[in-house]
Amino acid sequence: MLVLFETPAGYSLFKVSDEKKLSKTEPEDIFDTFFKDGKTASKNISLLSFQPFEDTADAVTAATSMLEGKVSKTLKSFLKKKLKKAASSSLAVADKTLGVSLKDAISSVNVVSDSKTNEIFRGLRCYMEDLFDTEGGMSAEDLRAMQLGLSHSLSRYKLKFSADKVDTMVIQAVGLLDELDKEINTYAMRVKEWYGWHFPELQ
């Protein structure tokens with residue numbers, strides 16, 4: 001089984017060394033069996049390939065596509081190239097929506113997303129630095145720097161390109177004007193009522 005794991009630095013493809021052992025293991029026991037510690041994780045899961053992003057803009061585009069459950073051109077070409085060379089036809093993904101999109105984009109791949117794959121992704125996140133610190137991967141320091149950079153860029157992107165931002169401000173302004181009109185009318189009626197006790201002819 002191959003595992004598609006998205007990182008702030010790029011797309012990575014991991015391979016489960018013993019698929020028979022995985023199929024016999026219950027979902028609740030997978031983490032303790034395959035990810036007991038860093039050495040056990042490196043023994044059971046190996047980095048097959050890593051496709052780094054070209055720049056920060058490419059990383060932001062890929063991240064937004066992932067959040068929307070869409071398959072980017074970079075991801076599609078990366079998977080097509082690597083799945084041809086790989087013996088395994090099953091691909092584990094974390095997001096079911098992305099899995100459906102991948103199935104439509106690459107019909108030959110068998111996409112898997114269940115309780116077992118969730119435990120595998122849990123282990124990958126836990127020992128990500130150990131698993132990436134191999135030949136063809138990247139160091140823990142670079143990975144943390146990429147995480148920080150992408151989080152800042154993605155936040156700026158969402159704030160800058162929020163389509164509902166202007167509309168929300170207009171709607172709130174109109175609502176505030178309506179509330180002010182109601183309050184002014186209410187206060188005017190109260191003042192007239194109170195002054196009527198002093199000057200009944202006003203009524």
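Cut-off values and rules
Residues numbered from 1 in each chain as written. Predicted model: local features only at pLDDT ≥ 70, side-chain atom pairs only at ≥ 80, totals over all residues. Heavy atoms only, no water. Helix = DSSP H or I, 4+ residues; strand = E, 2+ residues; numbered from the N terminus. Contact = heavy atoms within 4.5 Å. Patch = residues over 30% accessible without salt bridge, like charges linked within 9 Å, V, L, I, M, F, W, Y side chains within 5 Å. Areas by Shrake-Rupley, 256 points an atom, 1.4 Å probe, with all protein chains shown as cover. Salt bridge = Lys/Arg side-chain N within 4 Å of Asp/Glu carboxyl O. Buried < 20%, exposed > 50% of the residue type's maximum accessible area, 1.4 Å probe, protein only. Arc of directions from axis to C-beta. Pairing = 2+ DSSP bridges. Axes fitted to C-alpha atoms, helices over the stretch in contact; angles between N-to-C directions. Expected span 1.5 Å × (residues − 1). Polar contact = N/O pair within 3.5 Å; in protein donor to acceptor, adjacent residues only side chain to side chain. Lys, Arg positive; Asp, Glu negative; His and termini not counted. Charge placed at Lys NZ, Arg CZ, Asp CG, Glu CD.

K.L.:
For this particular structure, what's the right way to read the side chain of T25?
P.N.:
If you trace the backbone, T25 turns up in the loop between α1 (19-24) and α2 (27-34). With residues up to four places along the chain from it excluded, the contact list for T25 reads I30, T33, F34 and K116.

K.L.:
What's the story with a nonpolar patch on the surface in this structure? I'm lost.
P.N.:
A surface patch of nonpolar side chains, amounting to about 400 Å² of accessible area, comprises L176, L177, L180 and I184. Assignment of secondary structure puts L177 in helix α10 (residues 165-198). Accessibility expressed as a relative area gives 53% for L177, which makes it exposed.

K.L.:
I would appreciate a short explanation of α2 in the present structure.
P.N.:
Side chains that are three or four residues apart share a direction in an α-helix, a result of its 3.6 residues per turn. For α2, the full list of buried residues reads P27, I30, F31 and F34. The arc that holds the buried residues of α2, viewed along the axis, is 100 degrees, so those residues lie on one side. Along α2, the residues that are exposed and aim more than 90 degrees away from the buried face are E28 and D32. Against β2 (10-16), α1, α3 (38-44) and α7 (115-126) lie the buried residues of α2.

K.L.:
Would you mind showing me how to read the sheet that holds strand β1 (residues 2-6) here?
P.N.:
Strands belonging to one sheet form pairs held by backbone hydrogen bonds; the direction of such a pair is parallel or antiparallel. The 5 strands lie next to each other as β3-β2-β1-β4-β5, forming an open sheet whose pairing is mixed. Either end of the sheet is taken by a strand with one partner, and the two such strands are β3 (45-52) and β5 (110-112). On average, adjacent strands in this sheet sit at an angle of 25 degrees to one another, irrespective of strand direction. Alignment of β1 against strand β4 (residues 90-92), held across 2 bridges, turns out to be parallel. Its bridge partner lying in β4, V3 is registered against A92. Against the sheet, helix α6 (residues 96-105) touches β1, β4 and β5, its axis set at about 180 degrees to β5.

K.L.:
Explain the pattern of salt bridges here, please?
P.N.:
Pairing is possible between side chains that carry opposite charge, provided their charged atoms lie close to one another. Throughout the structure, instances matching the rule amount to 1 salt bridge. Close ionic contact of E119 with R122 constitutes a salt bridge, the shortest N to O distance being 3.1 Å. Of this pair, E119 and R122 both sit in helix α7, 3 residues apart, roughly one helical turn. On the basis of relative accessibility, which here comes to 43%, the residue R122 falls in the partly exposed class.

K.L.:
Looking at this structure, how should I read α7?
P.N.:
Along its 12 residues, α7 runs 17 Å from first to last C-alpha, staying within 8% of the 16 Å computed at 1.5 Å per residue. Buried residues of α7: T117, E119, I120, F121, G123 and L124, and no others. Where α7 begins, the capping side chain belongs to D114, and its oxygen is found 3.2 Å from the backbone nitrogen of K116.

K.L.:
I tried to follow a negative patch on the surface on my own but got confused; where do I start?
P.N.:
A cluster of acidic residues, E26, E28, D29 and D32, forms a negative patch at the surface. Along the chain, E26 falls in the loop between α1 and α2. Judged by its relative accessible area of 45%, E26 is partly exposed.

From the geometry alone we can't say anything about function, so treat these as descriptive.
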